[in-house]
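# Structural characterization, general
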Amino acid sequence: MNRSELISNLKKEQDKIWDIIIIGGGATGLGVALDSVTRGYKTLLLEQADFTSGTSSRSTKLVHGGVRYLAKGDLWLVMEALHERGLMLKNAPHLTSNQEFIIPLYSLFDVLQYWLGLKFYDILSGRLSLGKSYYINKEKTLERLPNLKGEGLKGGIVYHDGQFDDSRLAVSMAAESIKRGATVLNYFRVNSLVKNELGKITGVKASEMVSGEEFILTAKVVINATGVFADTITKMDEPLSEASIRPSQGIHLVLDRSFLRSNSAIMIPKTEDGRVLFAIPWYNEVVVGTTDTPLDEISLEPKALDQEIDFILRTADAYLTHSPKREDVLSIFAGLRPLAANPSNPGATKEVSRRHKISLSSSGLLSVIGGKWTTYRRMAEETIDKAIKAGFLQKRKCLTHHLPLADNEITRHGGRLGIYGSGYKEIEHIIADNPSSGLLIHKDLPYTKAEISWICSNEMPVNLDDVLSRRTRATLLNARASAESGPEVARIMAETLGLDSSWQSSQIKAYNELISKYI
Ligand SMILES: Cc1cc2nc3c(=O)[nH]c(=O)nc-3n(C[C@H](O)[C@H](O)[C@H](O)COP(=O)(O)OP(=O)(O)OC[C@H]3O[C@@H](n4cnc5c(N)ncnc54)[C@H](O)[C@@H]3O)c2cc1C
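Residues numbered from 1 in each chain as written. Predicted model: local features only at pLDDT ≥ 70, side-chain atom pairs only at ≥ 80, totals over all residues. Heavy atoms only, no water.

### Considering the overall build of the chain
Assigned secondary structure in the chain consists of 17 helices and 18 strands. In summary, the chain has a C-alpha radius of gyration of 23 Å against a globular reference of 24 Å for 519 residues, a match within 12%. Based on the C-alpha atoms only, the size of the chain along its principal axes is roughly 70 × 55 × 45 Å. Within the span of the chain, comprising 519 residues, buried residues form 59% of the whole. Put simply, of all contacts in the chain between residues at least 6 apart along the chain, 72% involve residues at least 24 apart. Put simply, the chain has 63 plus and 61 minus side-chain charges, and the middle of one group is 5 Å from the middle of the other. (Helix = DSSP H or I, 4+ residues; strand = E, 2+ residues; numbered from the N terminus. Rg over C-alpha atoms; globule rule 2.2 N^0.38 Å. Buried < 20%, exposed > 50% of the residue type's maximum accessible area, 1.4 Å probe, protein only. Contact = heavy atoms within 4.5 Å. Lys, Arg positive; Asp, Glu negative; His and termini not counted. Charge placed at Lys NZ, Arg CZ, Asp CG, Glu CD.)

Below is the structure:
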């Protein structure tokens, strides 16, 4: 991944007609880019900020069928997601894992209901099952979840789902797409759509955000994969179009692992307002969430509301013996779901189906919105199939079902560094050549200086935030520690990328301002 090389090639090829231009570098856009380039189409992806700086780095980190959607009877959605869950764990073993969940239950009726439901969940996952679900009594539940309150507990149901590192998987997808010939660029904003005399879309006008340089780029089809921002692109196409997205915010609190004291995750199926809440071990900490709060504003950096934080702490307090307080929170992160707007009932966000929607405008803008991280591959396949069906592209078969993003060897030998795919070997060499680069960037974060310099040379970060929030997960794991590591990380970035001390100061200042939203 070499950003300046990709941009310089783009400049040389300004007359090129791309088969596909994708707007948006989240899970959806990167999935489409990977599907497109593996089918052999000339593929260009433009992301206005960093890859996954929108919703896709702020998920609950679950690769799941969605037990909750099963309860709603959305069988097709669950089956499709369970199938994709299985493929994702096989294709990206370096960034996914099989996670055990326990649902604590307080009535015999609930025990029976969830036991039956999860047996059905097992059946739906078929050959791609991650393990059978089963009942455990009260003693065993408390043995596996020692911090759970035992009062009134009747037992638990154990089941399995997947877990992953969302933004690192996205970087893996971007790297694989580039390796296969796609041009995938961060900090490249689409400002408008270009149309011909018949009113059909022929390309985009875009700006490279670091230099401000403008580009006019031509393609057979333009794909809108901008998540909660989808309406801004739709309005470039049809200025009078109605809002189709209703953003709904979900937040997570990150806590020290001592609040869970278990390798099993907890799933609370019904909180005081009927939502689902998870407490999941992630790296060395625990992620607890989420909420579902309708919002009117969209932003790349949404901020958790006080009542959302209180709701999560209150729910944790109801279930845990050692319950967290505000001062125990290591980091708070918020993300926005791009849900379909429902003008007759705008508040009912948790009732809205999480299925994705693919639509084609009369001028040829192909939009793909909604869905889940788990189903990104399927969404991409359907989007490209739709572009073929609409006559934009020649028919070619989808090849992503069994497309590995890393091999099992890497995951086995790389240990913690396996998250960088085959890059782990280069990081080990950096440390062997210069042992002091093996020192941690901060005593409370798991990342070494060598990882930062490898990331800068290989994964296209532009700002300090890209390294701390999405190439590593320092911001999410421990916001204060990440801010304290900022000067050293900025120094390594500047050294590797050839930037000066004023760049370092401005990056540290910008990061310290940003981090107030995570603390
Ligand atoms: C709180 C929460 C928890 C979730 N948990 C899970 C989970 O555990 N498992 C799961 O499977 N799913 C989960 N999801 C759903 C999943 O995260 C989303 O479905 C997915 O990330 C959406 O990806 P996207 O690419 O469509 O949108 P985004 O990630 O928002 O990407 C859109 C991108 O478009 C870019 N963009 C916008 N305008 C322009 C422009 N003019 N030019 C260039 N680029 C532009 C934006 O900068 C952005 O990066 C969760 C969602 C939320 C909100």
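### Concerning the side chain of Glu 84
Mapped onto the elements, Glu 84 comes out in helix H4 (residues 75-91). With relative accessibility at 2%, the residue Glu 84 sits in the buried group. Setting aside its immediate chain neighbours within four residues, Glu 84 contacts Thr 374, Thr 375, Arg 377 and Arg 378.

### Examining the pairing of strand S1 (residues 17-23)
For S1, the tally of buried residues reaches 6 of 7 residues, placing the bulk of the element in the interior. Of the strand pairs in this sheet, S1 and strand S10 (residues 214-224) are connected by 6 bridges, and their pairing is parallel. Considered in S10, the bridge of Ile 22 is made with Ile 223. Pairing between S1 and strand S2 (residues 43-46): 4 bridges, direction parallel. Directly across from Ile 22, in S2, lies its bridge partner Leu 45. Running through helix H2 (residues 27-38), the crossover from S1 to the neighbouring parallel element S2 is right-handed. (Pairing = 2+ DSSP bridges. Right-handed = clockwise from strand over helix to strand, strands pointing away.)

### Some remarks on the site of the ligand
Near the ligand lie 37 residues; those nearest to it are Thr 28, Glu 47, Ser 56, Leu 62 and Thr 374. Surface burial for the ligand is 96%, taken as the share of its 1,000 Å² of free accessible area covered by protein chains. At the level of elements, H2, strand S8 (188-195), strand S11 (245-256) and strand S16 (331-340) are the ones that each hand at least two residues to the shell around the ligand. Looking at the shell around the ligand, its residues break down into 12 nonpolar, 19 polar and 6 charged. (Near = heavy atom within 4 Å. Areas by Shrake-Rupley, 256 points an atom, 1.4 Å probe, with all protein chains shown as cover. Nonpolar A, V, L, I, M, F, W, Y, C, P; charged D, E, K, R; others polar.)

### Description of the packing of helix H7 (residues 166-179) against helix H14 (residues 464-471)
Running from amino to carboxyl end, H7 crosses H14 at an angle of 110°, the nearest separation of the two axes being 8 Å. In terms of orientation, H7 lies roughly perpendicular with respect to H14. Of the residues in H14, those touching H7 at Ser 167, Arg 168 and Val 171 are Ser 469, Arg 470 and Arg 471. Each residue belonging to the contact of H7 with H14 can be placed in one class, and the counts come to 1 nonpolar, 2 polar and 3 charged. (Axes fitted to C-alpha atoms, helices over the stretch in contact; angles between N-to-C directions. Parallel < 35°, antiparallel > 145°, perpendicular 65-115°, else oblique.)

### Some remarks on helix H13 (residues 449-458)
Counting buried residues in H13 gives 7 out of 10 residues, a clear majority hidden from the surface. Listing the buried residues of H13 in full gives Ala 450, Glu 451, Ile 452, Ser 453, Trp 454, Ile 455 and Cys 456. Close packing links the buried residues of H13 with helix H12 (423-433), H14 and helix H16 (479-497). Note on H13: the residue one or two positions beyond its end, Met 460, has a positive phi of about 55°.

### Notes on the pattern of salt bridges
Overall, the coordinates contain 36 salt bridges when judged by the stated rule. Between Asp 35 and Arg 39 there is a salt bridge, and its shortest N-O distance comes to 2.6 Å. Each member of the pair, Asp 35 together with Arg 39, is buried. Here Asp 237 ties to Lys 195 by a salt bridge, and the two come within 3.0 Å at their closest N and O atoms. Remark: Lys 195 occurs in strand S8 and Asp 237 occurs in helix H8 (residues 230-237); sequence separation between them is 42 residues. Using a relative accessible area of 4% as the deciding quantity, one classes Asp 237 as buried. Among the charged side chains, a salt-bridge network with shared partners connects Asp 50, Asp 465, Asp 466, Arg 470 and Arg 471. (Salt bridge = Lys/Arg side-chain N within 4 Å of Asp/Glu carboxyl O.)

### Section: the environment of Leu 403
Relative to the helices and strands, Leu 403 is located in the loop between helix H10 (376-389) and helix H11 (408-414). Measuring from C-alpha to C-alpha, the distance between Leu 403 and Arg 416 comes to 23 Å, with 13 residues separating the pair along the chain. Once residues lying within four places of it in the same chain are set aside, the contact partners of Leu 403 are Leu 34, Thr 38, Asn 91 and Arg 180.

### What about helix H5 (residues 108-125)?
With 18 residues, H5 ought to run about 26 Å at 1.5 Å a step, and its terminal C-alpha atoms sit 26 Å apart, in line with that. Of the residues making up H5, those classed as buried are Val 111, Tyr 114, Leu 118, Tyr 121, Asp 122, Leu 124 and Ser 125. Each buried residue of H5 sits inside an arc of 160° when the element is viewed along its axis, so together they form one side. Turned more than 90 degrees away from the buried face of H5, the exposed residues are Leu 108, Phe 109 and Ile 123. Contact partners of the buried residues in H5: helix H3 (67-71), H4, strand S4 (96-105), strand S5 (134-136) and strand S6 (155-164). Following H5 by one or two positions, Gly 126 has its phi on the positive side, about 55°. (Expected span 1.5 Å × (residues − 1). Arc of directions from axis to C-beta.)

### Some points on the packing of H4 against H5
If you want to describe how two helices pack, look at the angle between their axes and the distance between the axes. Contact pair H4 / H5: the axes reach a minimum separation of 9 Å and the direction vectors enclose 60°. One element, H4, and the other, H5, form an angle in the oblique class. In the packing of H4 onto H5, the handedness of the crossing is right-handed. Residues Leu 75, Val 78, Met 79, Leu 82 and Arg 85 of H4 form the contact with H5, whose own contacting residues are Phe 120, Tyr 121, Leu 124 and Ser 125. (Left-handed = near helix turned anticlockwise from the far one by under 90°.)

### So, the environment of Ile 201
Residue placement: Ile 201 occurs in strand S9 (residues 201-208). Separated by 307 residues in the primary sequence, Ile 201 and Ile 508 have C-alpha atoms spaced 41 Å apart.

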